[in-house]
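Chain residues, written in single-letter form:
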Amino acid sequence: MVTDETQVVLTKPTSLEGDSDVYQPPNLVRRILSLFKNVRPGSDLTNFQLPPLFNIPKSQLQCYGESVYAVGKDLLHKINSAENSQERFISVVAWSISLGRPTDFGCVPYNPILGETHHVSKGSLNVLLEQVSHHPPVSALHATDEKENIEIIWCHNIVPKFYGIKVEAEVHGRKQLKFLNHGETYVMNAPSLLIKFLPPGLDWVGNVKIHCQETGLEAELCYSTNSFLGHRGHHSIKGRIYQSSSMKTLYEVKGHWNSIVTVKDTNNGKERAIYNAKEVISGLKTPAVNDPQGVLPSESAAVWSAVSEGIQSKNWEKAREVKKAVEEKQRELVKDRNSRGQTWVPKHFNLSFTKEGGWDCSPIHTWVPPAPIVVPL
(Lines give C-alpha, C1' and ligand atoms only; values in the text may rest on other atoms or scores of the structure.)
Protein backbone atom coordinates (compact mmCIF):
# COMPACT_ATOMS: atom_id res chain seq x y z
CA MET A 1 0.00 0.00 0.00
CA VAL A 2 1.26 3.47 -0.86
CA THR A 3 1.46 5.91 2.06
CA ASP A 4 2.51 9.55 2.30
CA GLU A 5 6.07 8.36 2.97
CA THR A 6 6.12 6.04 -0.06
CA GLN A 7 6.97 7.45 -3.45
CA VAL A 8 6.82 5.83 -6.87
CA VAL A 9 9.20 7.01 -9.57
CA LEU A 10 8.49 5.79 -13.10
CA THR A 11 10.59 6.69 -16.13
CA LYS A 12 10.14 6.45 -19.87
CA PRO A 13 11.06 3.04 -21.36
CA THR A 14 14.31 2.89 -23.27
CA SER A 15 13.64 3.22 -26.98
CA LEU A 16 15.47 3.80 -30.25
CA GLU A 17 15.33 7.55 -29.88
CA GLY A 18 16.76 7.35 -26.37
CA ASP A 19 15.26 7.84 -22.92
CA SER A 20 14.81 11.51 -22.15
CA ASP A 21 14.38 10.75 -18.44
CA VAL A 22 17.82 9.15 -18.05
CA TYR A 23 20.60 11.46 -16.96
CA GLN A 24 23.63 12.20 -19.11
CA PRO A 25 26.50 10.51 -17.25
CA PRO A 26 29.73 12.32 -16.35
CA ASN A 27 33.06 11.76 -18.10
CA LEU A 28 33.01 8.25 -19.58
CA VAL A 29 36.77 7.67 -19.59
CA ARG A 30 37.06 8.55 -15.92
CA ARG A 31 34.26 6.13 -15.02
CA ILE A 32 35.76 3.29 -17.06
CA LEU A 33 39.19 3.75 -15.52
CA SER A 34 37.64 3.61 -12.07
CA LEU A 35 36.25 0.16 -12.89
CA PHE A 36 39.68 -1.26 -13.72
CA LYS A 37 40.84 -0.39 -10.21
CA ASN A 38 38.15 -2.59 -8.65
CA VAL A 39 37.97 -5.72 -10.82
CA ARG A 40 40.42 -8.21 -12.30
CA PRO A 41 40.30 -10.15 -15.59
CA GLY A 42 38.11 -13.27 -15.31
CA SER A 43 36.45 -12.18 -12.07
CA ASP A 44 32.75 -12.92 -11.48
CA LEU A 45 30.77 -9.66 -11.43
CA THR A 46 27.58 -11.18 -10.01
CA ASN A 47 28.09 -9.58 -6.58
CA PHE A 48 29.89 -6.44 -7.75
CA GLN A 49 28.09 -3.27 -6.63
CA LEU A 50 28.22 -0.19 -8.84
CA PRO A 51 27.82 3.33 -7.46
CA PRO A 52 24.74 5.30 -8.63
CA LEU A 53 27.00 7.15 -11.07
CA PHE A 54 26.68 4.08 -13.31
CA ASN A 55 22.95 3.44 -12.83
CA ILE A 56 19.92 4.38 -14.88
CA PRO A 57 16.91 5.27 -12.69
CA LYS A 58 15.15 1.92 -12.88
CA SER A 59 15.55 -1.69 -11.80
CA GLN A 60 16.53 -4.64 -13.98
CA LEU A 61 13.04 -6.03 -13.29
CA GLN A 62 11.54 -2.94 -14.92
CA CYS A 63 13.80 -3.39 -17.96
CA TYR A 64 12.62 -7.01 -18.33
CA GLY A 65 9.01 -5.92 -18.00
CA GLU A 66 9.42 -3.10 -20.51
CA SER A 67 10.55 -5.57 -23.18
CA VAL A 68 7.09 -7.17 -22.90
CA TYR A 69 4.67 -4.30 -22.23
CA ALA A 70 6.51 -1.32 -23.76
CA VAL A 71 5.87 -1.75 -27.48
CA GLY A 72 4.72 0.57 -30.22
CA LYS A 73 3.21 -2.30 -32.21
CA ASP A 74 1.22 -5.22 -30.81
CA LEU A 75 3.24 -8.22 -32.02
CA LEU A 76 1.43 -10.67 -29.74
CA HIS A 77 -1.93 -9.91 -31.37
CA LYS A 78 -0.31 -10.30 -34.79
CA ILE A 79 0.94 -13.78 -33.85
CA ASN A 80 -2.42 -14.81 -32.43
CA SER A 81 -4.32 -13.72 -35.54
CA ALA A 82 -1.91 -15.23 -38.10
CA GLU A 83 -3.58 -17.54 -40.62
CA ASN A 84 -1.32 -20.59 -40.22
CA SER A 85 1.44 -22.13 -38.07
CA GLN A 86 4.29 -20.96 -40.30
CA GLU A 87 3.11 -17.35 -40.21
CA ARG A 88 2.71 -17.57 -36.44
CA PHE A 89 6.22 -18.93 -36.10
CA ILE A 90 7.69 -16.16 -38.27
CA SER A 91 5.92 -13.58 -36.08
CA VAL A 92 7.24 -15.30 -32.94
CA VAL A 93 10.77 -14.88 -34.34
CA ALA A 94 10.01 -11.15 -34.74
CA TRP A 95 8.68 -10.98 -31.16
CA SER A 96 11.81 -12.65 -29.77
CA ILE A 97 13.97 -10.08 -31.59
CA SER A 98 11.90 -7.25 -30.09
CA LEU A 99 12.95 -8.31 -26.57
CA GLY A 100 16.52 -7.09 -27.21
CA ARG A 101 16.41 -3.39 -26.38
CA PRO A 102 18.98 -0.61 -26.89
CA THR A 103 21.20 -0.05 -23.88
CA ASP A 104 23.26 3.05 -23.06
CA PHE A 105 26.96 2.32 -22.70
CA GLY A 106 28.26 2.78 -19.17
CA CYS A 107 24.79 2.82 -17.58
CA VAL A 108 23.07 -0.17 -15.98
CA PRO A 109 19.83 -0.70 -14.03
CA TYR A 110 19.75 -1.49 -10.32
CA ASN A 111 20.26 -5.07 -9.19
CA PRO A 112 16.81 -6.08 -7.85
CA ILE A 113 16.53 -6.90 -4.17
CA LEU A 114 15.17 -10.27 -3.05
CA GLY A 115 11.37 -10.30 -3.28
CA GLU A 116 11.22 -7.13 -5.38
CA THR A 117 8.24 -7.08 -7.76
CA HIS A 118 7.11 -5.15 -10.81
CA HIS A 119 3.44 -5.26 -11.80
CA VAL A 120 2.19 -3.37 -14.88
CA SER A 121 -0.76 -3.65 -17.28
CA LYS A 122 -1.17 -2.52 -20.86
CA GLY A 123 -4.68 -3.04 -22.13
CA SER A 124 -5.65 -6.64 -21.38
CA LEU A 125 -2.01 -7.74 -20.97
CA ASN A 126 -1.00 -8.02 -17.30
CA VAL A 127 2.70 -8.45 -16.48
CA LEU A 128 4.16 -9.50 -13.11
CA LEU A 129 7.84 -9.96 -12.26
CA GLU A 130 9.54 -11.06 -9.06
CA GLN A 131 13.18 -11.35 -7.99
CA VAL A 132 13.06 -14.93 -6.77
CA SER A 133 16.75 -15.22 -5.84
CA HIS A 134 19.48 -12.71 -5.03
CA HIS A 135 22.59 -14.92 -4.91
CA PRO A 136 22.60 -15.95 -7.67
CA PRO A 137 20.34 -13.28 -9.20
CA VAL A 138 17.27 -14.97 -10.70
CA SER A 139 14.29 -13.04 -12.09
CA ALA A 140 10.91 -14.52 -12.99
CA LEU A 141 8.22 -13.11 -15.28
CA HIS A 142 4.59 -14.11 -15.76
CA ALA A 143 2.32 -12.30 -18.19
CA THR A 144 -1.21 -13.20 -19.25
CA ASP A 145 -3.81 -11.79 -21.61
CA GLU A 146 -7.23 -13.30 -20.93
CA LYS A 147 -8.74 -11.54 -23.95
CA GLU A 148 -6.18 -13.00 -26.36
CA ASN A 149 -5.67 -16.20 -24.30
CA ILE A 150 -1.88 -15.74 -24.20
CA GLU A 151 0.61 -16.62 -21.47
CA ILE A 152 4.31 -15.75 -21.13
CA ILE A 153 6.63 -17.34 -18.57
CA TRP A 154 10.34 -16.83 -18.24
CA CYS A 155 13.16 -17.28 -15.79
CA HIS A 156 16.42 -15.34 -16.19
CA ASN A 157 19.77 -15.75 -14.46
CA ILE A 158 22.41 -13.29 -15.70
CA VAL A 159 26.05 -14.32 -15.23
CA PRO A 160 28.40 -11.44 -16.15
CA LYS A 161 32.13 -12.11 -16.60
CA PHE A 162 34.95 -9.58 -16.93
CA TYR A 163 37.63 -10.22 -19.59
CA GLY A 164 40.05 -7.29 -19.56
CA ILE A 165 38.58 -4.96 -22.16
CA LYS A 166 35.06 -6.42 -22.23
CA VAL A 167 32.23 -7.85 -20.14
CA GLU A 168 29.92 -10.54 -21.47
CA ALA A 169 26.66 -10.96 -19.60
CA GLU A 170 25.30 -14.41 -20.35
CA VAL A 171 21.53 -14.71 -19.94
CA HIS A 172 20.72 -18.22 -18.69
CA GLY A 173 17.18 -19.55 -18.60
CA ARG A 174 14.30 -19.93 -21.00
CA LYS A 175 11.22 -18.09 -22.19
CA GLN A 176 7.88 -19.76 -22.88
CA LEU A 177 5.30 -18.06 -25.09
CA LYS A 178 1.94 -19.86 -25.10
CA PHE A 179 -0.97 -19.27 -27.49
CA LEU A 180 -3.71 -21.25 -25.81
CA ASN A 181 -6.24 -20.83 -28.63
CA HIS A 182 -3.85 -22.61 -30.99
CA GLY A 183 -2.45 -25.09 -28.47
CA GLU A 184 1.09 -23.94 -29.25
CA THR A 185 4.03 -23.25 -26.92
CA TYR A 186 7.19 -21.58 -28.15
CA VAL A 187 10.35 -22.06 -26.09
CA MET A 188 13.44 -19.88 -26.59
CA ASN A 189 16.61 -18.65 -24.93
CA ALA A 190 18.17 -15.18 -25.01
CA PRO A 191 21.37 -13.69 -26.48
CA SER A 192 24.20 -12.36 -24.30
CA LEU A 193 25.02 -8.69 -23.84
CA LEU A 194 28.58 -7.83 -24.89
CA ILE A 195 30.07 -4.66 -23.36
CA LYS A 196 33.39 -3.53 -24.83
CA PHE A 197 35.47 -0.88 -23.09
CA LEU A 198 38.07 -0.35 -25.81
CA PRO A 199 36.68 0.82 -28.13
CA PRO A 200 33.53 1.64 -26.12
CA GLY A 201 30.41 -0.15 -27.32
CA LEU A 202 27.84 -2.84 -26.62
CA ASP A 203 25.75 -5.29 -28.59
CA TRP A 204 23.69 -8.47 -28.32
CA VAL A 205 25.71 -11.55 -29.27
CA GLY A 206 25.36 -15.33 -29.28
CA ASN A 207 22.99 -18.01 -30.53
CA VAL A 208 19.24 -18.14 -29.94
CA LYS A 209 17.07 -21.18 -30.61
CA ILE A 210 13.28 -21.08 -30.86
CA HIS A 211 11.25 -24.29 -30.85
CA CYS A 212 7.58 -25.21 -31.10
CA GLN A 213 7.02 -28.90 -30.33
CA GLU A 214 3.40 -28.87 -31.55
CA THR A 215 4.29 -27.75 -35.09
CA GLY A 216 7.85 -29.10 -35.32
CA LEU A 217 9.14 -25.71 -36.42
CA GLU A 218 12.46 -24.39 -35.15
CA ALA A 219 14.64 -21.33 -35.68
CA GLU A 220 18.34 -20.69 -35.17
CA LEU A 221 19.45 -17.07 -34.88
CA CYS A 222 23.01 -15.80 -34.54
CA TYR A 223 23.51 -12.33 -33.05
CA SER A 224 26.93 -10.84 -33.84
CA THR A 225 28.66 -7.49 -33.50
CA ASN A 226 30.97 -7.97 -36.50
CA SER A 227 32.59 -10.68 -38.60
CA PHE A 228 36.04 -10.87 -40.18
CA LEU A 229 37.36 -7.29 -40.64
CA GLY A 230 33.98 -6.07 -39.40
CA HIS A 231 32.19 -6.64 -42.72
CA ARG A 232 28.88 -7.75 -41.18
CA GLY A 233 28.68 -4.70 -38.95
CA HIS A 234 27.10 -4.11 -35.55
CA HIS A 235 23.71 -5.38 -34.34
CA SER A 236 23.60 -8.16 -36.94
CA ILE A 237 21.21 -11.13 -36.97
CA LYS A 238 21.47 -14.08 -39.30
CA GLY A 239 19.72 -17.45 -39.16
CA ARG A 240 17.06 -19.76 -40.49
CA ILE A 241 13.62 -21.25 -39.84
CA TYR A 242 13.35 -24.96 -40.53
CA GLN A 243 11.27 -28.10 -40.06
CA SER A 244 12.88 -30.12 -37.28
CA SER A 245 11.84 -33.52 -38.69
CA SER A 246 13.56 -33.03 -42.05
CA MET A 247 15.96 -30.19 -41.10
CA LYS A 248 14.79 -28.52 -44.31
CA THR A 249 15.32 -24.74 -44.29
CA LEU A 250 12.04 -22.96 -45.00
CA TYR A 251 13.18 -19.35 -44.53
CA GLU A 252 16.50 -17.55 -44.27
CA VAL A 253 16.62 -14.76 -41.68
CA LYS A 254 18.90 -11.73 -41.82
CA GLY A 255 19.06 -8.11 -40.74
CA HIS A 256 19.78 -5.99 -37.68
CA TRP A 257 17.89 -6.13 -34.40
CA ASN A 258 17.86 -2.32 -34.10
CA SER A 259 16.45 -1.72 -37.61
CA ILE A 260 15.02 -4.20 -40.15
CA VAL A 261 14.95 -8.01 -40.14
CA THR A 262 13.78 -9.95 -43.22
CA VAL A 263 12.99 -13.54 -44.15
CA LYS A 264 13.49 -15.11 -47.57
CA ASP A 265 11.32 -18.04 -48.66
CA THR A 266 13.68 -20.75 -49.89
CA ASN A 267 10.97 -22.15 -52.20
CA ASN A 268 10.34 -19.04 -54.30
CA GLY A 269 13.12 -16.63 -53.26
CA LYS A 270 10.65 -13.95 -52.11
CA GLU A 271 11.95 -11.71 -49.34
CA ARG A 272 9.92 -9.61 -46.91
CA ALA A 273 10.43 -7.63 -43.73
CA ILE A 274 9.14 -9.28 -40.55
CA TYR A 275 10.48 -6.81 -37.99
CA ASN A 276 10.93 -3.05 -37.97
CA ALA A 277 12.52 -1.83 -34.73
CA LYS A 278 11.37 1.74 -35.38
CA GLU A 279 7.73 0.60 -35.32
CA VAL A 280 8.09 -1.57 -32.23
CA ILE A 281 10.48 0.26 -29.88
CA SER A 282 9.87 3.92 -30.73
CA GLY A 283 7.35 6.36 -29.31
CA LEU A 284 7.05 4.40 -26.06
CA LYS A 285 4.93 5.86 -23.26
CA THR A 286 5.83 6.17 -19.58
CA PRO A 287 3.76 3.93 -17.25
CA ALA A 288 1.59 5.73 -14.71
CA VAL A 289 0.11 4.82 -11.33
CA ASN A 290 -3.60 4.16 -11.78
CA ASP A 291 -4.33 2.78 -8.30
CA PRO A 292 -1.94 4.19 -5.65
CA GLN A 293 -3.43 2.02 -2.90
CA GLY A 294 -2.71 -1.10 -4.93
CA VAL A 295 1.04 -0.52 -5.31
CA LEU A 296 2.96 -2.98 -3.14
CA PRO A 297 5.94 -1.88 -1.01
CA SER A 298 7.99 -4.41 -3.02
CA GLU A 299 7.27 -2.63 -6.32
CA SER A 300 10.51 -1.70 -8.11
CA ALA A 301 9.42 1.88 -8.70
CA ALA A 302 8.81 2.26 -4.95
CA VAL A 303 11.87 0.37 -3.65
CA TRP A 304 14.28 2.52 -5.66
CA SER A 305 12.29 5.77 -5.78
CA ALA A 306 14.68 7.82 -3.62
CA VAL A 307 17.71 6.54 -5.54
CA SER A 308 16.04 7.39 -8.85
CA GLU A 309 15.21 10.86 -7.55
CA GLY A 310 18.86 11.42 -6.66
CA ILE A 311 20.07 10.23 -10.07
CA GLN A 312 17.58 12.34 -12.00
CA SER A 313 18.55 15.43 -10.01
CA LYS A 314 22.26 14.47 -10.19
CA ASN A 315 22.44 14.55 -6.42
CA TRP A 316 25.03 11.77 -6.27
CA GLU A 317 25.55 11.96 -2.52
CA LYS A 318 21.83 11.45 -1.84
CA ALA A 319 21.64 8.65 -4.41
CA ARG A 320 24.67 6.93 -2.88
CA GLU A 321 23.31 7.15 0.66
CA VAL A 322 19.82 5.87 -0.10
CA LYS A 323 21.14 3.09 -2.36
CA LYS A 324 23.46 2.00 0.43
CA ALA A 325 20.54 2.07 2.87
CA VAL A 326 18.45 -0.18 0.59
CA GLU A 327 21.31 -2.66 0.26
CA GLU A 328 22.18 -2.64 3.98
CA LYS A 329 18.53 -3.28 4.88
CA GLN A 330 18.58 -6.36 2.67
CA ARG A 331 21.76 -7.63 4.33
CA GLU A 332 20.13 -7.21 7.74
CA LEU A 333 17.06 -9.15 6.59
CA VAL A 334 19.33 -11.98 5.38
CA LYS A 335 21.14 -12.09 8.74
CA ASP A 336 17.81 -12.14 10.58
CA ARG A 337 16.48 -15.02 8.46
CA ASN A 338 19.69 -16.97 8.90
CA SER A 339 19.63 -16.49 12.67
CA ARG A 340 16.07 -17.81 12.74
CA GLY A 341 16.88 -20.70 10.40
CA GLN A 342 14.31 -19.42 7.91
CA THR A 343 14.43 -19.85 4.14
CA TRP A 344 12.97 -17.13 1.97
CA VAL A 345 10.17 -18.33 -0.34
CA PRO A 346 8.97 -16.41 -3.45
CA LYS A 347 5.38 -15.14 -3.27
CA HIS A 348 4.37 -15.54 -6.92
CA PHE A 349 6.56 -18.33 -8.32
CA ASN A 350 7.84 -21.80 -7.54
CA LEU A 351 11.63 -21.88 -7.99
CA SER A 352 13.64 -24.98 -8.88
CA PHE A 353 17.18 -25.84 -9.94
CA THR A 354 18.71 -28.80 -11.76
CA LYS A 355 22.27 -29.35 -12.92
CA GLU A 356 21.03 -30.09 -16.43
CA GLY A 357 18.56 -27.25 -16.88
CA GLY A 358 19.71 -24.63 -14.36
CA TRP A 359 17.13 -22.37 -12.71
CA ASP A 360 13.47 -22.61 -13.64
CA CYS A 361 10.36 -20.81 -12.41
CA SER A 362 6.66 -21.66 -12.60
CA PRO A 363 3.90 -19.20 -11.65
CA ILE A 364 1.71 -20.04 -8.68
CA HIS A 365 -1.41 -18.46 -10.18
CA THR A 366 -3.00 -19.18 -13.56
CA TRP A 367 -3.73 -15.57 -14.48
CA VAL A 368 -1.97 -12.32 -13.60
CA PRO A 369 -4.44 -9.79 -12.16
CA PRO A 370 -4.75 -6.21 -13.49
CA ALA A 371 -1.96 -3.99 -12.15
CA PRO A 372 -2.04 -0.68 -10.26
CA ILE A 373 0.49 0.68 -12.76
CA VAL A 374 -0.68 0.99 -16.36
CA VAL A 375 0.82 1.91 -19.73
CA PRO A 376 -1.33 4.46 -21.60
CA LEU A 377 -2.75 3.10 -24.86
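Residues numbered from 1 in each chain as written. Predicted model: local features only at pLDDT ≥ 70, side-chain atom pairs only at ≥ 80, totals over all residues. Heavy atoms only, no water.

Per an unreviewed UniProt entry, the protein goes by Oxysterol-binding protein and derives from Hevea brasiliensis. The protein has a UniProt comment under Sequence similarities (unreviewed entry) that states "Belongs to the OSBP family." (UniProt positions renumbered as here; feature names shortened; annotations may be inferred.)

Peer 1: With reference to specific residues and values, describe the packing of aromatic side chains.
Peer 2: In the structure shown here, the tally under the stated rule is 6 aromatic pairs. Measuring from ring centre to ring centre gives 5.9 Å for Phe89 and Tyr186, while their planes differ by 50°; the resulting arrangement is tilted. On the criterion of sequence distance, the pair formed by Phe89 in helix H4 (residues 85-98) and Tyr186 in strand E8 (residues 184-188) is long-range, its members being 97 residues apart. Owing to a relative accessible area of 0%, Tyr186 belongs among the buried residues under this scheme. By the ring-pair criterion, three or more aromatic residues cluster together here, those being Phe89, Phe179 and Tyr186. Across from the ring centre of Tyr242, 3.9 Å away, lies the NZ or CZ of Arg240, which sits over that ring. (Phe/Tyr/Trp six-rings, centres within 6.5 Å; stacked < 30°, edge-to-face > 60°. Helix = DSSP H or I, 4+ residues; strand = E, 2+ residues; numbered from the N terminus. Buried < 20%, exposed > 50% of the residue type's maximum accessible area, 1.4 Å probe, protein only. Lys NZ or Arg CZ within 6 Å of the ring centre and 35° of its normal.)

Peer 1: So what's going on with the pairing of strand E18 (residues 358-363)? Which residues, and what values?
Peer 2: Here strand E17 (residues 349-354) pairs with E18 via 6 bridges, running antiparallel. Bridge pairing in E18 places Ser352 opposite Asp360. In textbook terms, the turn of a hairpin is the stretch between consecutive antiparallel strands, and for E17 and E18 this stretch comprises 3 residues. (Pairing = 2+ DSSP bridges.)

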